[in-house]
Amino acid sequence: PLPLGATKNQRSLVALDNVVDLIITCIDHPAAANEVFLVGDGQDLSTTELLKGVAAAMDKSSRLIPVPQSLLMFGATLLGKRAVAQRLLGSLQVDISKARDLLGWEPPVSVQEGLRRCFEPQSK
């Protein structure tokens, strides 16, 4: 069980297929020349949602205890681990609107599909 069932942060993820798709789009699209783009899956998740998604992709149940973030930060501060807790509980998002607006790009792989692909057996 993890005490992260009440985490309300937002995290951007990116599937490898989405990175490759945006690179190919940039190679082919004239408006991409000399531009810098951020890439993501287009749906940000909280740590709670991410852990539930990973559990679902693994066909397991998620065992998350809803401990308030303020209590987790307090405990981490007492243990001298405030910076670690901030990295775990804080938000980290990227804005992919430039790629969407300038190139008309949409991520072809959803967050859920990307997580599922992480845990499917690989054939040799």
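Structure's up top.
Quick look at the structure, then. On a predicted model such as this, the values are computed, not experimentally measured, just so you know.

Okay, the packing of helix H3 (residues 69-78) against helix H4 (residues 82-89) next. Running from amino to carboxyl end, H3 crosses H4 at an angle of 155°, the nearest separation of the two axes being 8 Å. Of the possible angle classes, the one that applies to H3 and H4 is roughly antiparallel. The interaxial crossing formed by H3 with H4 has right-handed handedness. Contacts between H3 and H4 involve Gln 69, Leu 72, Met 73, Ala 76 and Thr 77 from the first element and Arg 82, Ala 85, Gln 86 and Leu 89 from the second. Residue composition of the contact of H3 with H4, by class: five nonpolar, three polar and one charged.

This part takes up H3. Turning to H3, its buried residues number three or more, namely Leu 72, Met 73 and Ala 76. Taken down its axis, H3 places every buried residue within 100° of arc, on the same side. Turned more than 90 degrees away from the buried face of H3, the exposed residues are Ser 70, Phe 74 and Leu 78. For H3, the elements touching its buried residues are H4. Positive phi appears at Gly 80, one or two residues downstream of H3, with a value of about 75°.

What counts and what doesn't
Residues numbered from 1 in each chain as written. Predicted model: local features only at pLDDT ≥ 70, side-chain atom pairs only at ≥ 80, totals over all residues. Heavy atoms only, no water. Axes fitted to C-alpha atoms, helices over the stretch in contact; angles between N-to-C directions. Helix = DSSP H or I, 4+ residues; strand = E, 2+ residues; numbered from the N terminus. Parallel < 35°, antiparallel > 145°, perpendicular 65-115°, else oblique. Left-handed = near helix turned anticlockwise from the far one by under 90°. Contact = heavy atoms within 4.5 Å. Nonpolar A, V, L, I, M, F, W, Y, C, P; charged D, E, K, R; others polar. Buried < 20%, exposed > 50% of the residue type's maximum accessible area, 1.4 Å probe, protein only. Arc of directions from axis to C-beta.

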